[in-house]
Amino acid sequence: MPSDSTIAPKGTGRLSATTGAQYARIHAVGGYRPERVITNDEVCTWIDSSDQWIRERSGIETRRWAAPDETVIDMAEKAARDVLTRSGIRPAQLGAVLVSTVTHPYQTPAAAPLLATRLGANGAPAFDISAACAGYCYGISLASDMVRGGSAEYVLVVGVEKLSAFTDKHDRGTAFIFGDGAGAAIVGPSDHPAIGPTVWGSDGEAWDTIRQRESWTHILNAWEDRQQSGQDSTIGMKGQSVFRWAVWGMAPVAQQALDKAGITVDDLDAFIPHQANMRIIDQLIKQLGMPADIPVARDIAQTGNTSAASIPLATERMLREGEAPHGGLALQIGFGAGLVYAAQVIELP
Amino acid sequence: MAQSEQEILEGLAEIVNEETGVDAKDVQPEKSFTEDLDIDSLSMMTIVVNAEEKFGVRIPDDDVKNLSTVGDAVKYIQNAQG
Ligand SMILES: CC(C)(COP(=O)(O)OP(=O)(O)OC[C@H]1O[C@@H](n2cnc3c(N)ncnc32)[C@H](O)[C@@H]1OP(=O)(O)O)[C@@H](O)C(=O)NCCC(=O)NCCS
C-alpha cells in the first residue's frame with residue numbers, strides 16, 4: 001500500500017461545470033382523478049362508522065379509487081400528458097422525470113423510467129422519490145435546483161398514489177382517509193424568482209407514526225411460513241400524534257417558508273397544504289393567523305388524502321375553478337410518513 | 001411555580017371553552033372529556049397543546065389517552081408542574 005506521501009494526483013485535467021437558468025418556475029400543473037367515486041356510505045360497509053363521523057373528523061365526503069388493474073404508472077401517465085399539453089412542452093424537451101410515490105408496488109425498478117418511455121421521453125434521467133405526503137414539495141425543490149444548477153432545462157414532477165392498494169379496509173383509523181390519484185407539474189427556467197426557498201426536514205424519531213406495518217422481509221418470511229395475515233403491507237397510523245405534529249410542528253415550517261421567500265401571509269393568493277385532513281387544514285390556518293380572505297385548498301372533501309398527489313391535484317382544482325389566480329403566490333406544504341416535510345412559496349402557473 | 005387545583009381547573013376550563021364553546025362552568029373534575037363534554041380526540045389534542053403552553057408542562061402523546069376526565073388532566077398538570 002502506497003503511503004499518502006508517495007501518491008499525488010496528476011493535476012492535468014480541469015473539469016467544466018454546468019450553469020443553469022438563474023431562476024425556475026412551475027410552467028403548468030395537471031392532474032388525473034380515477035373514475036370510481038367511493039362515498040362515505042360505502043366505506044361504512046367495511047368499518048363501523050358513519051357519514052357524519054367521517055365528515056366531522058376529516059371533512060371527507062368522497063374519495064376516488066383507481067380500478068383494480070389501473071397502476072401508479074397508468075395514473076402518472078394521464079397526469080403527465082395533461083400537464084405536457086397545458087405547458088406546451090414536448091416530451092423530448094424533458095431533461096428529467098421525477099415520480100413521488102410510496103405506493104408503486106415494485107421495490108425495483110422505479111416507476112419513473114417506464115413513465116418517461118411511455119411519454120416519449122425515453123432516455124431522460126428518471127427516478128422515484130420516497131417522501132410520502134411531502135413528496136411533491138420535495139420534487140419541486142429538487143426540480144427547481146436541477147433547473148438552476150444546469151442538470152436539466154425542463155423537469156416533470158409527478159406525485160401519484162394508489163393508496164387503496166395499501167389501505168386496510170377494516171382499520172377504522174385509516175380506511176376512510178386515503179384515496180388514489182395523480183398530479184403533475186413541469187418546472188423550467190424563469191426570468192424572475194418564482195419558486196421560493198424550500199424549508200424542509202425530517203424526524204426519524206417519529207419514524208413509526210405513519211408506516212407500512214411490516215417490512216417486506218417480514219412479509220416474505222410470513223409467506224414462507226404460510227402465516228401471512230394479508231394486512232402487513234397496509235399503512236398504520238397514530239392519528240392523534242399525526243394531528244399534533246401536522247399542526248403545531250408544521251405551522252412554524254410554513255411560516256419559515258414565507259420568511260425565506262421574503263413575503264408575509266398577507267401577500268398570499270392561495271394556501272395549498274397537503275390534503276391530510278380538513279381538521280388539520282383548519283387548525284393550520286388558525287395557527288398561521290391566516291387572513292380569512294385567502295383562498296385555501298379544500299380538495300380533500302371530494303378527493304380524500306392522496307398523499308404525494310394531493311397538492312398538485314388541489315392546485316389544479318383551484319386554478320380550474322378560478323379560486324386562485326394564475327401568476328399569484330401560493331404557499332404549499334407537504335408533510336407525512338418519515339416523518340418528512342417540505343414547504344415553499346411558488347408562483348402559480 | 002406549582003398552581004393550586006382550583007387555578008388549574010379554571011385555566012383548563014377557559015381553554016376548553018375557547019376551543020369547543022362548552023360553558024366554562026360545565027368543566028368540572030368529574031366530567032369526562034368525550035362522554036360529557038363531547039370533545040373528540042383532535043379537539044382534545046388542541047386543548048392539550050394549549051394547556052402545555054399555559055401551564056408550562058409537557059404532555060406526551062402517549063399520556064393524552066389516559067386523561068379521560070377533567071380531574072385526570074388537572075392532577076396530571078399539577079404533578080407535571082412539580
Ligand atoms: C384517524 C383519526 C380519525 C382517529 O380518530 P381518534 O379519535 O384519534 O381515534 P381513536 O382510536 O382514539 O378513537 C376514538 C373513538 O372514536 C371511535 N372511532 C375510531 N375510528 C372511528 C371511525 N372510523 N368511525 C367511528 N368511530 C370511530 C373509537 O371507537 C373511539 O371510540 P371509543 O372511545 O368509544 O372507543 C384521527 O386521529 C385523525 O383524523 N387524525 C389525523 C390523521 C391524519 O389526518 N392523517 C393524515 C395522514 S398525513
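Residues numbered from 1 in each chain as written. Chains lettered and ligands numbered in written order. Predicted model: local features only at pLDDT ≥ 70, side-chain atom pairs only at ≥ 80, totals over all residues.

The feature "domain: Beta-ketoacyl-[acyl-carrier-protein] synthase III C-terminal" (unreviewed entry), as annotated in UniProt, sits at residues 258-347 of chain A in this numbering. Split by type, residues 258-347 of chain A is 33% helix and 22% strand. Its first and last C-alpha atoms lie 13 Å apart. (UniProt positions renumbered as here; feature names shortened; annotations may be inferred. Helix = DSSP H or I, 4+ residues; strand = E, 2+ residues; numbered from the N terminus.)

As a further point, take helix 3 (residues 72-87) of chain A. The α-helix advances 3.6 residues per turn, and as a result positions three or four apart in sequence lie on the same side. All names here are of chain A. Under the 1.5 Å per step criterion, the end-to-end length of helix 3 is 22 Å for 16 residues, consistent within 8% with the ideal 22 Å. In this structure, the buried side of helix 3 is in contact with strand 1 (23-32), strand 4 (94-100), helix 4 (111-119), strand 6 (154-162) and strand 7 (180-190). Phi for Gly88, located one or two positions after helix 3, is positive at around 75°. (Expected span 1.5 Å × (residues − 1). Contact = placed C-beta atoms within 7 Å.)

Each partner contributes to the interface: chain B provides eight residues, whereas chain A provides eight residues. Contributing elements (two or more residues each) for the side of chain B that touches chain A: helix 2 (41-55) and helix 3 (61-64) of chain B. When residues in the side of chain B that touches chain A are grouped by element, the largest group, five residues, is from helix 2 of chain B. Residue classes in the side of chain B that touches chain A are distributed as four nonpolar, two polar and two charged. (Nonpolar A, V, L, I, M, F, W, Y, C, P; charged D, E, K, R; others polar.)

A word on the UniProt feature "modified residue: O-(pantetheine 4'-phosphoryl)serine" (unreviewed entry) in chain B. Residue and element names in this part refer to chain B. The sites that UniProt annotates as "modified residue: O-(pantetheine 4'-phosphoryl)serine" (unreviewed entry) are Ser41. With respect to the secondary-structure elements, Ser41 resides in helix 2. Taking the number of C-beta atoms within 10 Å as the measure of exposure, Ser41 has 14 and is therefore partly exposed. (Buried ≥ 20, exposed ≤ 12 C-beta atoms within 10 Å, placed from the backbone.)

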